[in-house]
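The lines below spell out each chain.
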Amino acid sequence: KNAQAILTKNILDTCASCMGFFIFGYAIGFGDDITSFRFYFGNDLEQEGQVSKWILMYAFVSTCTTIVSGVVADRVQIKYYIFFSFAMSAFICPVGLAWTWGNGWLDDMGFVDFAGSMVIHGVGGFSGLAATILLGPRIHFFDRNSAGKVASEDAENSASSGGSIRQKPEAELMSKIHADLAEGKNPLDMEKPSSMQRLRKVTQIIKRDIETEFRPHEISLIVLGTFILWTGWLLFNASSIGRLHGNNINRAARALINTILSGSTGGLLSFFFKAKLISTSNDKRSKVTAVCNGIFAGIVSITANCDSIQLWASLIISGLGVFLYIMACKVALVYRIDDPLEASMIHGVCGAWGVLATAFFHTEKGLFYGGGLEFLGVQMLGVLVLSAWTIVMSGFFFYVSLRMGMRVSQREEIWGSDYFSYMRVNGIDPDKLRKKKLQQSVIRK
């Protein structure tokens, strides 16, 4: 119901990121200072041989903004989100780049984030976290019990089975109907007086299930996207070396194999443990998404250090990263944080962990290799500063935007932006169409 709107948002997200980074972002991140004209509007890029670096950094910044896009899915108007994409690529993310990769004060202290676990993924993840907390959950995503509170088990079932929760009497009724069908009986025999009452209850249950269902749009596209991202991540991590010569070739090869190992570790662990730790659903679709998200969690965890850790260390770092991701998902359910893609858990939590893990496993500066506590302190400071900066600035932007009407209307959110836009353009009464479609769905069920 939101497929076209989300695809449009992703395309415009990339376009707005390009403009923001070209006009302001690269100059803020890699220029002399904020008051000079160096690199603003692409000034001096070609003369100083910075074009190839601009392309690489733009790809990183664009990735950062698209992370937020997934977190706020189904709830924001595109025109407001495009302004955020511009602000993210023009100012919020570039300031973090200036502090780290732009030879800033964190870099001077010895902060290490090789390919952007925190500088890119963490910034995107924590920005999305601030946004989704301010926006609140999607309508009907967390159903309430009679006391008005979300039961933890129900909340877990809600997220894993699509957001639809049935109360105990309703579940018993549907179980009886399925049992009658299994025995060859007619569960809605109209000759019985109780059948009409049962039919009305079943109709109400099905109608509510249809309205409150939250399931992946297309599993095959999720898997295809996972392979595309994994392949692109190999290039991201390896290209962060810069020029390939001498020892850099070995570093690039190490980055590639660690990216492969960490993704494989994450996918396997998430498949076997995520459902057991936070879900009681037997829905096979949730298993597929768990594997895909586990792959991402593992790779994000080693993006900060993929060139500077031994191969066996990538298994440990990615494995711990997956368990942190799973626990973060559980915390999000308890506190009713609605992140449709679990992007803030994957990129935010695992991004922070990747930077901290570098302080232990870095082959030259890590604690396990004779390094001191000072390096750990610098890494912790980097995580705190970057996350605080991102949450404050993104939170301010989304707070102001919400006051201006950023969130879609309740009717549009329930129906979906695709249907609502179609109805608005063609002059169709949404209530009449809604009633007709519900009737068709109930008949099919």
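Residues numbered from 1 in each chain as written. Predicted model: local features only at pLDDT ≥ 70, side-chain atom pairs only at ≥ 80, totals over all residues. Heavy atoms only, no water.

**Student:** What should I look at first to understand the confidence of the model for the protein chain in this one?
**Tutor:** Interpretation of the predicted coordinates at a detailed level should be avoided for regions scoring low in pLDDT. Chain-level pLDDT for the protein chain is 82 on average; 74% of the residues reach the 70-or-more range. Within the protein chain, the lowest mean pLDDT, 38, falls on helix 6 (residues 152-161), and the highest, 97, falls on helix 13 (residues 343-361). This model gives residues 144-167 a pLDDT under 50, and the stretch forms 51 contacts once residues within four places in sequence are excluded. (pLDDT = per-residue confidence, 0-100. Helix = DSSP H or I, 4+ residues; strand = E, 2+ residues; numbered from the N terminus. Contact = heavy atoms within 4.5 Å.)

**Student:** Help me understand the side chain of Ser 387, please; the structure alone is not making it clear to me.
**Tutor:** Topologically, Ser 387 is positioned in helix 14 (residues 373-403). A polar contact is formed between the side chain of Ser 387 and the backbone oxygen of Val 383, at a distance of 2.7 Å. Setting aside residues up to four positions removed in sequence, Ser 387 forms contacts with Met 118 and Phe 126. (Polar contact = N/O pair within 3.5 Å; in protein donor to acceptor, adjacent residues only side chain to side chain.)

**Student:** Would you take a moment to explain the state of the cysteines for this structure?
**Tutor:** Considering all chains together, one arrives at zero disulfides under this definition. With no disulfide of its own, Cys 18 lies closest to Cys 15 among cysteine sulfurs, the gap being 7.6 Å. Of the cysteine sulfurs around Cys 329, a residue in no disulfide, the closest is that of Cys 350, at 8.8 Å. Owing to a relative accessible area of 3%, Cys 329 belongs among the buried residues under this scheme. (Disulfide = S-S within 2.5 Å. Buried < 20%, exposed > 50% of the residue type's maximum accessible area, 1.4 Å probe, protein only.)

**Student:** Any chance you could explain the packing of aromatic side chains here in plain terms?
**Tutor:** Two measures describe an aromatic ring pair: the distance that separates the ring centres and the angle between the ring planes. One pass over the full model with this rule turns up 24 aromatic pairs. Centroid distance Phe 273 to Phe 323: 5.5 Å. Interplanar angle 50°. Geometry classified as tilted. You can see Phe 273 sitting in helix 10 (residues 247-278) and its partner Phe 323 sitting in helix 12 (residues 311-334), a full 50 residues away along the chain. In this structure Phe 273 comes out as partly exposed when scored by relative accessible area, which is 34%. Linked through ring pairs, Phe 21, Phe 22, Tyr 26, Phe 30, Phe 39, Trp 54 and Tyr 58 together constitute an aromatic cluster. The ring of Phe 271 has Lys 287 lying over it, and the distance from NZ or CZ to the ring centre is 5.0 Å. (Phe/Tyr/Trp six-rings, centres within 6.5 Å; stacked < 30°, edge-to-face > 60°. Lys NZ or Arg CZ within 6 Å of the ring centre and 35° of its normal.)

**Student:** So what exactly am I meant to see when it comes to helix 14 here?
**Tutor:** Count 3.6 residues to each turn of an α-helix, and residues three or four apart come out pointing the same way. Helix length check: helix 14, at 31 residues, gives a terminal C-alpha distance of 45 Å against a target of 45 Å (1.5 Å per residue), a fit within 8%. Just past helix 14, the residue Gly 405 takes up positive phi, approximately 105°. (Expected span 1.5 Å × (residues − 1).)

**Student:** Would you mind going over unusual backbone geometry with me for this structure?
**Tutor:** With the exception of glycine, most residues fall at negative phi, and the peptide bonds are largely trans. Its identity as a non-glycine residue notwithstanding, Phe 39 has a phi of 80°, on the positive side. In this structure, Phe 39 sits in the loop between helix 1 (3-30) and helix 2 (51-71). For Phe 39, a relative accessible area of 1% corresponds to the buried category. Within the chain, Asn 103 stands out as a residue other than glycine whose phi angle is a positive 60°. The residue Asn 103 is located in the loop between helix 3 (78-99) and helix 4 (105-109) in this model. The exposed category is assigned to Asn 103, whose relative accessible area is 59%.

**Student:** I tried to follow the pattern of salt bridges on my own but got confused; where do I start?
**Tutor:** Oppositely charged side chains are able to pair whenever their charged atoms sit close together. Under the criterion given, the structure shown has six salt bridges. Here Asp 338 makes a salt bridge to Arg 138, at a shortest N to O gap of 2.8 Å. Linking Asp 338 in the loop between helix 12 and helix 13 with Arg 138 in the loop between helix 5 (117-135) and helix 6, this pair joins segments that are 200 residues apart in sequence. For Asp 338, a relative accessible area of 1% corresponds to the buried category. For Arg 138, a relative accessible area of 9% gives the class buried. The closest approach of N and O atoms between Asp 307 and Arg 251, which form a salt bridge, is 2.5 Å. Of the two residues, Asp 307 sits in the loop between helix 11 (284-303) and helix 12 while Arg 251 sits in helix 10, which places them 56 residues apart along the sequence. Looking at Arg 251, the relative accessible area reads 27%, which means it is partly exposed. Among the ionic contacts, a cluster of salt bridges with common partners joins Asp 74, Arg 138 and Asp 338. (Salt bridge = Lys/Arg side-chain N within 4 Å of Asp/Glu carboxyl O.)

**Student:** I'm lost on the side chain of Thr 265 in this one. Help?
**Tutor:** Of note, Thr 265 is situated in helix 10. Setting aside anything within four residues of it in sequence, one finds Thr 265 in contact with Leu 315, Ser 318 and Gly 319.

**Student:** Sorry, what's going on with the nonpolar core here?
**Tutor:** It is characteristic of soluble globular proteins that their nonpolar side chains tend to be buried jointly. Counting 44 residues, the largest nonpolar core has Phe 21, Tyr 26, Phe 84 and Leu 97 as its most contacted members. Listed by contribution, the elements that provide at least two residues to this core are helix 1, helix 2, helix 3, helix 5, helix 13 and helix 14. When residues of this core are assigned to their parent elements, the largest contribution, eight residues, is made by helix 3. Contact partners of Tyr 26, with chain neighbours within four places excluded, come to Phe 21, Gly 31, Phe 39, Leu 45, Gln 50, Lys 53, Trp 54 and Met 57. Ranked by size, the runner-up nonpolar core spans 19 residues in total, among them Val 322, Tyr 325, Ile 337 and Cys 350. (Core = buried A, V, L, I, M, F, W, Y, C linked by side-chain atoms within 4.5 Å.)

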